[in-house]
Amino acid sequence: METRYLEGYVDRAFLNDQEKRKKIEETRTVTFVISSDAKDRHGSRLNMKNWKLDNYNRNPIVGYQHNVYGDNMCVPPNPDNIVGPSRIYFVEEEGRILMMGDVTFETKEVNPLADKLFNKVLNGTLRAASVGFLEVGQGRKVLEKDSNGKVIGETYEFEGQELLEWSIVNIQSNPEANTKSLRNHTVAGIGFLRGIGMTIPEIRKIVSDIL
């Protein structure tokens, strides 16, 4: 099953509110809007009333660039790419449901990368987030029509989604989603190849031929 990635953004109200900013600096906890029911740039719409969070809540991680499995197919996972734990909740704003994520960034002593990302968020340099999820159920395509009944487009509406993780990202809507999904399914295979004595260059050659 393909892992999908869709965008979100930081709740940046704290940047102009010194009291909120001070509290964030003390708690190291920042709020992101990580999902909504708005039509995204891929032409799809999430079902905000059917998010599956049970598995995520057992291990509520926030990553960096979705690199929670490793940077590429031949590099082991780096635990520092998990920047902190999260709390997920929903709010209603102007009739719309938003899925929010509070991330508490690890300290510099524990994770220098998390500390750097925290300061970049405070600085306003990093603002984007992205959810990684699996589709649940069977979605449907809905035709969009203008006032005269002419079809002007279509939207894929998800029946539901299971949250795997969410990440602080440099650019929203990760263009490498398909490659990352393939990587996730091939980690076990790479472990097997290493186990039978193949070298990293040999494995890279096999992966290159596959891709």
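Summed over the entire model, instances satisfying the criterion amount to 5 aromatic pairs. Ring plane angle 45° and centroid distance 5.4 Å describe the contact between F105 and F118, whose orientation is recorded as tilted. Taken together, the residues F105 in the loop between strand 7 (96-104) and helix 3 (112-123) and F118 in helix 3 connect sequence positions 13 residues apart. On the basis of an interplanar angle of 80° and a centroid distance of 5.6 Å, the ring pair of F133 and F158 is categorised as edge-to-face. Here the residue F133 occupies a position in strand 8 (residues 128-136), and F158 occupies one in the loop between strand 10 (151-157) and strand 11 (160-169), the gap between them amounting to 25 residues. With respect to burial, F133 and F158 carry one shared label: buried. Ring-pair connections join several aromatic residues into one group, and the members of that group are W51, F133, Y156 and F158.

This next bit is on helix 3. Compared with the 16 Å implied by 1.5 Å per residue over 12 residues, the 16 Å span of helix 3 between its first and last C-alpha is a close match. Along helix 3, the residues classified as buried are A114, D115, L117, F118, V121 and L122. Here the buried residues of helix 3 occupy an arc of 165° about the axis, which is enough to place them on one side. Residues K116 and N123 are exposed on helix 3 and point more than 90 degrees away from its buried face. Two or three places before L113, at the opening of helix 3, N111 has a side-chain oxygen 3.1 Å from that residue's backbone nitrogen. One or two steps after helix 3, the chain reaches G124, where phi turns positive at roughly 85°.

So, about the confidence of the model for the protein. Considering every residue of the protein, the mean pLDDT works out to 78; 73% of them sit at 70 or more. For residues 174-196, every residue scores under 50 in pLDDT, and the model assigns this stretch 34 contacts once sequence neighbours within four places are set aside.

Moving on: unusual backbone geometry. Positive phi, normally seen in glycine, also occurs at R28, with a value near 60°. Looking at the secondary structure, you find R28 in the loop between helix 1 (18-27) and strand 2 (29-36). According to the relative accessible area criterion, R28 is buried, its value standing at 14%. Its identity is not glycine, yet H66 carries a phi of approximately 60°, on the positive side. Position of H66 among the secondary structure elements: in the loop between strand 5 (61-64) and strand 6 (82-93).

Moving on, we come to helix 1. The buried fraction of helix 1 is low, at 1 of 10 residues. Of the residues trailing helix 1, R28 is marked for its positive phi of about 60°.

Rules used throughout
- Residues numbered from 1 in each chain as written.
- Predicted model: local features only at pLDDT ≥ 70, side-chain atom pairs only at ≥ 80, totals over all residues.
- Heavy atoms only, no water.
- Phe/Tyr/Trp six-rings, centres within 6.5 Å; stacked < 30°, edge-to-face > 60°.
- Helix = DSSP H or I, 4+ residues; strand = E, 2+ residues; numbered from the N terminus.
- Buried < 20%, exposed > 50% of the residue type's maximum accessible area, 1.4 Å probe, protein only.
- Expected span 1.5 Å × (residues − 1).
- Arc of directions from axis to C-beta.
- Polar contact = N/O pair within 3.5 Å; in protein donor to acceptor, adjacent residues only side chain to side chain.
- pLDDT = per-residue confidence, 0-100.
- Contact = heavy atoms within 4.5 Å.

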